[in-house]
Amino acid sequence: MEIIHNVIEGLINTSPIEWAGVLLGTCYLIFIAYKNRWGWYFAMANTAVYTYLCYTVGLYIESGLQVFYFVMAIYGWISWNKTTNKDQKIIRWPLKYHVLNIGVSALVTYLLGYLMVTYTDQQNPYLDAFSTVFSLVATYMVTQRVLENWIYWIVIDTALIFLYSSRGMDLTGFHYLVYTIIAIFAFNSWYKMYKAQYN
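Below is a short write-up of the structure. Throughout this description, residue numbers start from 1 for each chain and increase along the sequence as written. This being a predicted model, a pLDDT of at least 70 is required before a residue's local features are given, and a value of 80 or more before pairs of side-chain atoms are given or counted; all residues contribute to the totals for chains, interfaces and linings. Excluded from the side-chain calculations are hydrogens and water; all other atoms, namely the structure's heavy atoms, are used.

A closer look at the overall build of the protein chain
We apply this condition: Here a helix means four or more residues in a row that DSSP labels H or I, a strand means two or more in a row labelled E, and each is numbered from the N terminus. Note on method: radius of gyration uses C-alpha positions; expected globular size equals 2.2 Å times residues raised to 0.38. Burial classes: relative accessible area under 20% of the type maximum marks a residue as buried, over 50% as exposed, and values in between as partly exposed (1.4 Å probe, protein chains only). Residue contacts are defined here by distance: any two heavy atoms, one from each residue, within 4.5 Å place the two residues in contact. Residues scored as positive are Lys and Arg, those scored as negative are Asp and Glu, and His as well as the terminal groups of each chain are ignored. One atom stands in for each charge, and that atom is NZ of Lys, CZ of Arg, CG of Asp or CD of Glu.
When its secondary structure is counted, the protein chain shows 8 helices and 0 strands. The order of α-helices and β-strands along the protein chain, N terminus first, is α-α-α-α-α-α-α-α. Relative to the globule expectation of 16 Å for 199 residues, the C-alpha radius of gyration of the protein chain, 17 Å, shows essentially globular dimensions. Oriented by its inertia axes, the alpha-carbon framework of the protein chain measures out at about 50 × 35 × 30 Å. Per-residue burial for the protein chain yields a buried fraction of 45% across its 199 residues. Looking at the protein chain alone, contacts between residues at least 24 apart form 74% of all its contacts between residues at least 6 apart. For the protein chain, the separation between the mean place of its 11 positive charges and that of its 10 negative charges on side chains is 25 Å.

Side note on the environment of asparagine 46
With respect to the helices and strands, asparagine 46 occurs in helix H3 (residues 39-56). Distance from asparagine 46 to leucine 24, taken between C-alpha atoms, is 5.3 Å for residues 22 residues apart in sequence. Non-local contacts of asparagine 46, meaning those with residues more than four positions away in its chain, are made with Gly21, Leu24, Gly25 and Gln66.

So, the packing of helix H6 (residues 125-143) against helix H7 (residues 149-166)
For clarity, the cut-off: Fitted lines through C-alpha atoms serve as axes, helices being fitted only where they are in contact, and the angles separating the N-to-C directions of these axes extend from 0 to 180 degrees. Orientation labels follow simple angle bins: below 35 degrees gives roughly parallel, above 145 gives roughly antiparallel, 65 to 115 gives roughly perpendicular, and whatever is left gives oblique. Handedness of a crossing is defined here by the sense of rotation of the near helix relative to the far one, left-handed for an anticlockwise turn of less than a right angle and right-handed for a clockwise turn. Note on residue categories: nonpolar means Ala, Val, Leu, Ile, Met, Phe, Trp, Tyr, Cys or Pro, charged means Asp, Glu, Lys or Arg, and polar means any other residue, Gly included.
Close contact between H6 and H7 brings their axes to 9 Å; oriented N to C, the two are set at 150 degrees. Between H6 and H7, the angle is such that the two are roughly antiparallel. In this structure, the crossing between H6 and H7 has a hand that is left-handed. Taking contact as the criterion, the partners of Leu127, Asp128, Phe130, Ser131, Phe134, Ser135, Ala138, Thr139, Met141 and Val142 in H6 are, on H7, Asn149, Tyr152, Trp153, Val155, Ile156, Ala159, Leu160, Phe162 and Leu163. For the contact of H6 with H7, the residue count by class is 14 nonpolar, 4 polar and 1 charged.

Topic: the packing of aromatic side chains
Where we set the bar: A pair of aromatic rings is counted whenever rings of Phe, Tyr or Trp (Trp by its six-membered ring) have centres within 6.5 Å, and the orientation is called stacked for planes under 30 degrees apart, edge-to-face for over 60 and tilted otherwise. Only Lys NZ and Arg CZ are tested; either one counts as a charge over a ring when it is within 6 Å of the ring centre and within 35 degrees of the ring normal.
The tally for this structure, following the rule as stated, stands at 18 aromatic pairs. The structure contains a cluster of three or more aromatic residues connected by ring pairs, namely Tyr50, Tyr164, Tyr176 and Tyr179. Its guanidinium or amino end placed over the ring of tyrosine 194, arginine 92 lies 5.8 Å from that ring's centre, counting from NZ or CZ.

Observations concerning a nonpolar patch on the surface
Put simply, the rule reads: Exposure above 30% relative accessible area and no salt bridge define the residues that can form patches, which grow by joining like charges within 9 Å and nonpolar side chains of Val, Leu, Ile, Met, Phe, Trp and Tyr within 5 Å. Exposure was quantified through the Shrake-Rupley algorithm and a 1.4 Å probe, taking into account, for residues, occlusion by the shown protein chains and nothing else. By definition here, a salt bridge exists when the distance from a side-chain nitrogen of Lys or Arg to a carboxyl oxygen of Asp or Glu is within 4 Å.
Judged by side-chain polarity, Leu107, Tyr110, Leu111, Tyr114, Leu115, Val117, Tyr119 and Tyr126 come together as a nonpolar surface patch covering roughly 850 Å² of accessible area. With 7 residues, helix H5 (residues 95-119) is the single largest residue contributor to the nonpolar patch. If you trace the backbone, valine 117 turns up in helix H5. Using a relative accessible area of 45% as the deciding quantity, one classes valine 117 as partly exposed.

Quick look at the state of the cysteines
What counts is decided by this rule: Criterion for a disulfide: a pair of cysteine sulfur atoms at a distance within 2.5 Å.
Summed over the entire model, instances satisfying the criterion amount to 0 disulfides. Free of any disulfide, cysteine 27 has its nearest neighbouring cysteine sulfur in cysteine 54, separated by 19 Å. For cysteine 27, a relative accessible area of 29% corresponds to the partly exposed category. Under the relative-accessibility criterion, cysteine 54 is labelled buried at 0%.

Pasting the structure below:
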């Protein structure tokens, strides 16, 4: 009961700007899950909010990642606007791409985490580095409509539940639980669309 009480109290004490970020992020993910390019507008607004929020709680890597998300949201909007819905095919990466991505990303995660531990007061450095590094490629995969992006996001979002909750951002932690559920739904939705392309 105490855990539930603490979560409810954390949600009540959540700042309006964090609520705005959560709502914008949810809209983004739902639109993208349905392969609707308007989701990129919500992504731009969401990342602007979280750039500020992450910096204020000492998640410097995550704050920098939000800037990257903003740029990728613009790229995603441009990329998805170049083709009609009919031409926006979902693709799959071969296994070797995933092996290379995971191997390189794991190494960069370790190096970035080590640098943060050594030279900054970064909070949760290795977890923050993990979510940041793996999010870079996962975000690019979304812009290219790669089906497996959602599998990456399920793992990343699960890690972010703990990362944000540990910094007192309970609503955002809960938000990433919702993100995880939506990512599972989105994978199923995109998989059906992928299969339908070849029928």
